[in-house]
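Notes for the structure review
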Amino acid sequence: MRVTSLRACASPGCALARRLVARLVRIGNAEPMNEALQELIAIAGRHARGRRTRTAVPHVTIGRSEFPTPPLPELCQPTALFVLQGAKSVLIGDRTLRYGAGSCFVYAVETPATSQLIEASAARPYLAIAFALDIEVIATLLIDHRPAAGGDSFATYPADDELLDAWRRMLRLLDRPAEIPVLAPMLEREIAFRLLQGPQGAKLRQLARADGRLSQIRRATQWIRAHYNEPIDVTELAALAHMSSAAFHRHFKAATAMSPIQYQKQVRLLEARHLLIAQPGNAARVAFTVGYESASQFSREYARQFGLPPARDAARLLAKGEAPTLEID
């Protein structure tokens, strides 16, 4: 019996045959992915230095850890994150992402988030590639190519064979550094193209187009980051984004999983943590510096976010030699 005729057959034998064919197809498709993924793991493992390694390839960072971590607040930059090994969960507003090996997610705007490595060990360390997005490169690709239809903005997805192969060729440049100046720009363009063709391609199109919703929302998030210690006027932010107030609220929440006020509070608390590490001292002074009018309210919200009051949290981080991060890995 030909495989194509199995679809029309209703007997138990044909049903079993269909399952066997489907399994063989899945196995056949998985082998190239596993081979590419294993090579990426090997290259990333050789070149990783500590938790975060900025590589010689522009815009490419390797994340590595041999230990699970507690929840770590951070500010994620516009990035495509690809987990090679281990697992990670990320809380963004009221949404939770979970990455397993081979999964990818695109952060289109600067996003306060709380991440936690949940699978990592000395034998199988957590490994990930962070690819910083160049909006201008993506914009040039839109001239000739349309992205695929969009999916859930807050869902990870498995990297396909084409994207895996492009990432593999990019990381191979770490073993051939003389080729980086010539080949890295071409491979960066290819990776951006593959991302545009993926489930979150529509999100990237909105970001790259000047009149796209995410591009408009990003103007507002950039203003909040630059003026985080000032009061927010949501009507003015909506005007900056060229939207009505109702549309602005809706699209801001869709892009960041939080309201503008919640976004500003997250940015304020992250900046306060940086100040407490860089300039240990009076927590009340830091509270007023980042825009709080009440030191007690600052202390409550800081403890709710980071698990300890400001002074104790800073002392713990200094004792461990840790510093809060502004980038995803």
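Note that the structure is predicted; figures quoted are calculated from it, not measured.

Take the nonpolar core next. Generally speaking, soluble globular proteins have nonpolar side chains that are buried together. Membership of the largest hydrophobic core comes to 54 residues, with the highest contact counts inside it found for I92, L97, Y99, Y107, F248 and F298. At eight residues, the largest contribution of residues to this core is made by helix α9 (residues 260-278). Contact partners of F298, with chain neighbours within four places excluded, come to L269, A272, A283, V286, A287, Y292 and P310. Grouped together as the second largest cluster of nonpolar side chains are 42 residues, L37, L84, V106 and L173 included.

This part takes up the packing of aromatic side chains. Under the definition given, this model contains seven aromatic pairs. Between F82 and W167, the ring centres sit 4.7 Å apart and the planes meet at 10°, which makes this aromatic pair stacked. Here F82, found in strand β4 (residues 79-85), pairs with W167, found in helix α3 (residues 161-172); they are 85 residues apart in sequence, far enough to count as distant. Residue class for W167 comes out buried when judged on its relative accessible area of 0%. By way of ring pairs, the aromatic residues Y292, F298, Y302 and F306 are connected into one cluster. The ring of Y292 has R268 lying over it, and the distance from NZ or CZ to the ring centre is 5.8 Å.

The subject of this paragraph is the confidence of the model for the protein chain. Here the protein chain averages 84 in pLDDT, while 84% of its residues score no lower than 70. Confidence scores differ between elements of the protein chain, with helix α1 (residues 12-47) showing the lowest mean pLDDT of 63 and strand β2 (residues 60-65) the highest of 96. The low-confidence segment residues 1-8, where pLDDT is below 50, has eight contacts with residues more than four positions distant or belonging to other chains. Scored below 50 in pLDDT, residues 10-31 shows 10 contacts in the model against residues more than four places distant or in partner chains.

Along the polypeptide, A257 turns up in the loop between α8 (245-256) and α9. Once residues within four sequence positions are removed from consideration, A257 is found in contact with I92, G93, D94, R95, F154 and F252.

Read across the sheet, six strands follow the order β1-β2-β9-β4-β7-β10 without closing on themselves; strand pairing throughout is antiparallel. In this open sheet, the two strands that pair with only one neighbour each are β1 (52-54) and β10 (157-158). In the sheet, β4 pairs with strand β7 (residues 103-107) via four bridges, with the strands oriented antiparallel. Within the sheet, the bridge partner assigned to L81 lies in β7 and is F105. Across the sheet, α3 lies against β2, β4, β7 and β9 (126-132), angled at about 90° from β9, the strand it touches most. Sitting on the sheet, helix α4 (residues 180-196) touches β4, β7, β9 and β10, and the angle it makes with β9 is about 100°.

Take unusual backbone geometry next. A positive phi angle is found at H59, which is not glycine, with a value near 75°. If you trace the backbone, H59 turns up in the loop between β1 and β2. For H242, which is not a glycine, the phi torsion comes out positive at approximately 60°. Tracing the chain through its elements places H242 in the loop between α7 (234-240) and α8. Classification of H242 by relative accessible area gives exposed; the value is 61%.

As a further point, take the sheet that holds strand β5 (residues 87-92). In spatial order, the strands read β3-β8-β5-β6; together these four strands make up an open sheet with antiparallel pairing. Looking at the sheet topology across the chains shown, the edges are occupied by β3 (72-76) and β6 (95-99). Strand-to-strand, the axes of this sheet are offset by a mean angle of 30°, without reference to chain direction. Pairing between β3 and strand β8 (residues 111-119): five bridges, direction antiparallel. Residue pairing across strands places P73 opposite T114, the latter belonging to β8. Seen against the sheet, α9 touches β3 and β8 and runs at an angle of roughly 70° to β8.

Any two side chains of opposite charge can pair, so long as their charged atoms come close to each other. Applying the stated criterion across every chain yields a total of 15 salt bridges. Within this structure, E39, D165, R168, R169, R172, E190 and R194 form a network of salt bridges that share partners.

Our focus in this paragraph is the pairing of β9. Sheet faces and side chains relate simply in a regular strand, where the side chains alternate between the two faces. Counting buried positions along β9 gives six out of seven residues, so the element sits mostly inside the fold. Pairing of β2 with β9 involves six bridges; the strand directions are antiparallel. Counted as the bridge partner of S65 is Y126 from β9. Where β4 and β9 come together, six bridges link them in antiparallel fashion. Following the sheet pairing, T79 is matched in β9 by A132.

How each quantity is defined
Residues numbered from 1 in each chain as written. Predicted model: local features only at pLDDT ≥ 70, side-chain atom pairs only at ≥ 80, totals over all residues. Heavy atoms only, no water. Core = buried A, V, L, I, M, F, W, Y, C linked by side-chain atoms within 4.5 Å. Buried < 20%, exposed > 50% of the residue type's maximum accessible area, 1.4 Å probe, protein only. Helix = DSSP H or I, 4+ residues; strand = E, 2+ residues; numbered from the N terminus. Contact = heavy atoms within 4.5 Å. Phe/Tyr/Trp six-rings, centres within 6.5 Å; stacked < 30°, edge-to-face > 60°. Lys NZ or Arg CZ within 6 Å of the ring centre and 35° of its normal. pLDDT = per-residue confidence, 0-100. Pairing = 2+ DSSP bridges. Axes fitted to C-alpha atoms, helices over the stretch in contact; angles between N-to-C directions. Salt bridge = Lys/Arg side-chain N within 4 Å of Asp/Glu carboxyl O.

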